[in-house]
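A closer look at the structure
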Amino acid sequence: MPDQAARYHERGRSYTKPGGPFSQYVAVLTAPFSYTGGSDCGFDRTISHEVIRDWFASQELGARREWKVALLVAAIEFADEHGGGGVPPINDFWRQYWLLAKGKAPDLRMREPGPRAGGFLYFHPEGLLSHLKLVHRLTRGRVDLQFSSMAGSRSRIETQFGSLLRSNMHVARAGKSAVVQISVPPLDLMLDFSDQESSVLKGLMAAWALWEWSLQNRLQILDFLRASMPGSAAVGQ
């Protein structure tokens, strides 16, 4: 909401009027980085969900820690996938990224972005299996070929495909999924696109390499998916 910060400041001032219950206030926004894009969004302070997640992950809280971290990860990934607050500089970054992808790597079939501020983008190249997703996690500095909802199969994927991976690829976990991953330079969505174009190109090259690898190993991946999800008739479509 465009007036969200103003409404919180108005409420804070009402609490700190003479005779009010408080002497001062600070308006703080907690949200995924994809929502704020590093901007204060009109608040006195912002604390990203990523910072809170990392703090909880470093604490000795037993099962409570795992639950809180999982909850924050789910919120971060939802915001990244569905778009954040639509911060104008980020929207411009997305469009310039799309124009470069359209010109340099049209076969990756990146869809034209609408108003959004997410930190992930997806490619939809021809021949990509339905249970796989090809995603550039911009601010995190990696491109993933994602085996959706298969985090528990990470070790089996590593065993099955480890010898087939190229030297710059490795298997990792990403939320609820397992991924074949290539590390690339992270991008700052608030900085000028032109200053980061070479890093964007490295991301596009990584996406192309993962797509190409999936096509080269399509039959092995199909066999693995069918063995992992024997009840799914849609595997391979």
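Overview of the structure. In this text the structure is predicted, and so the values were computed from the model without any measurement.

**Some remarks on the overall build of the protein**
Secondary structure assignment for the protein yields eight helices and seven strands. When each of the 237 residues of the protein is scored for burial, the buried share is 41%. Within the protein, contacts between residues at least 6 apart in sequence are counted, and of these 57% link residues at least 24 apart.

**Describing the packing of aromatic side chains**
Geometrically, a pair of aromatic rings is defined through the distance of the ring centres and the angle of the planes. Counted according to the given criterion, the structure contains eight aromatic pairs. Considering the side-chain rings of Tyr 15 and Phe 22, the 6.1 Å spacing of their centres and the 75 degrees angle between planes classify their relative orientation as edge-to-face. Judged by relative accessible area, Phe 22 falls into the partly exposed class, the value being 48%. A network of ring pairs unites the aromatic residues Phe 147, Phe 161, Trp 213 and Phe 224 as a single cluster.

**Overview of the pairing of strand β3 (residues 120-123)**
Residues Phe 120 and Tyr 122 line one face of β3 and the alternating positions Leu 121 and Phe 123 line the opposite face, and both faces are buried. Relative to strand β4 (residues 132-137), β3 is paired through four bridges, and the arrangement is antiparallel. Note on β4: the bridge partner recorded for Leu 121 is His 136.

**Here we look at the pattern of salt bridges**
Across all of its chains, the model carries five salt bridges by this definition. In this structure, Asp 144 engages Arg 137 in a salt bridge whose closest nitrogen and oxygen atoms are separated by 2.4 Å. Of the residues examined, Asp 144 reaches a relative accessible area of 0% and is grouped as buried. The residue Asp 144 makes a salt bridge to Arg 142 at a minimum N-O spacing of 3.4 Å. Taken individually, Asp 144 and Arg 142 each receive the classification buried, so the pair is uniform in this respect.

About the cut-offs
- Residues numbered from 1 in each chain as written.
- Predicted model: local features only at pLDDT ≥ 70, side-chain atom pairs only at ≥ 80, totals over all residues.
- Heavy atoms only, no water.
- Helix = DSSP H or I, 4+ residues; strand = E, 2+ residues; numbered from the N terminus.
- Buried < 20%, exposed > 50% of the residue type's maximum accessible area, 1.4 Å probe, protein only.
- Contact = heavy atoms within 4.5 Å.
- Phe/Tyr/Trp six-rings, centres within 6.5 Å; stacked < 30°, edge-to-face > 60°.
- Pairing = 2+ DSSP bridges.
- Salt bridge = Lys/Arg side-chain N within 4 Å of Asp/Glu carboxyl O.

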